[in-house]
Amino acid sequence: MRIEVLELDNRFGEEFKGKYVFQEISWAKRSRIIQRHTKYSQITGQVISSDYVAIQAETIFASLKEQPENKPISLEKLLSEENGIPVGLGELFSRIANRLNSLTVQESRFLSE
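Just so it is clear, the model here is predicted, and its values are computed rather than measured.

Pairing of strand β1 (residues 3–8) with strand β2 (residues 18–23) involves 6 bridges; the strand directions are antiparallel. Bridging from a neighbouring strand, Val5 pairs with Val21 of β2. Bridging between β2 and strand β5 (residues 64–66) involves 2 bridges; their strand directions are antiparallel. Bridge assignment links Phe22 to a residue of β5, and that residue is Leu64.

Here it is, written out as structure tokens:
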């Protein structure tokens, strides 16, 4: 599975400084995260609602394999509206998790042939 390493300086605060290692998660894990936070119509099977923040937070946390010793990232902190992580850091983590857990252009081309 693919891995991405991020070395953060103190631009998001001293608390978040350090090395983070993200790893691609399995298809099954990603599917279960999505299902857990999505409500479907029992009649049509169509999506009624999804908690995109919870899906993204769980995907980030599931992908996060290593972080600094002080463990600044937790699922609760990713989900917190009051004492959460800085917006810029959340966006950076989202881009990494999405890149690792999404199909590449080459994979998309292969699947559409």
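A few words now on unusual backbone geometry. Residues other than glycine seldom take positive phi values, yet Lys71 does so here, at roughly 45 degrees. Following the sequence through the fold, Lys71 ends up in the loop between β5 and α3 (75–79).

Counting 17 residues, the largest nonpolar core has Leu6, Tyr20, Phe22, Ile73 and Phe93 as the members making the most contacts within it. Of all the secondary structure elements, the ones that give two or more residues to this core are β1, β2, α2 (52–63) and α4 (87–100). Residue contributions to this core peak at 6 residues, all from α4. Apart from residues no more than four positions distant in its own chain, Phe93 is found in contact with Leu6, Tyr20, Phe22, Ile60, Ile73 and Ile85.

Definitions and cut-offs
- Residues numbered from 1 in each chain as written.
- Predicted model: local features only at pLDDT ≥ 70, side-chain atom pairs only at ≥ 80, totals over all residues.
- Heavy atoms only, no water.
- Pairing = 2+ DSSP bridges.
- Helix = DSSP H or I, 4+ residues; strand = E, 2+ residues; numbered from the N terminus.
- Core = buried A, V, L, I, M, F, W, Y, C linked by side-chain atoms within 4.5 Å.
- Buried < 20%, exposed > 50% of the residue type's maximum accessible area, 1.4 Å probe, protein only.
- Contact = heavy atoms within 4.5 Å.

As far as function goes, none of this settles anything; it's purely spatial.
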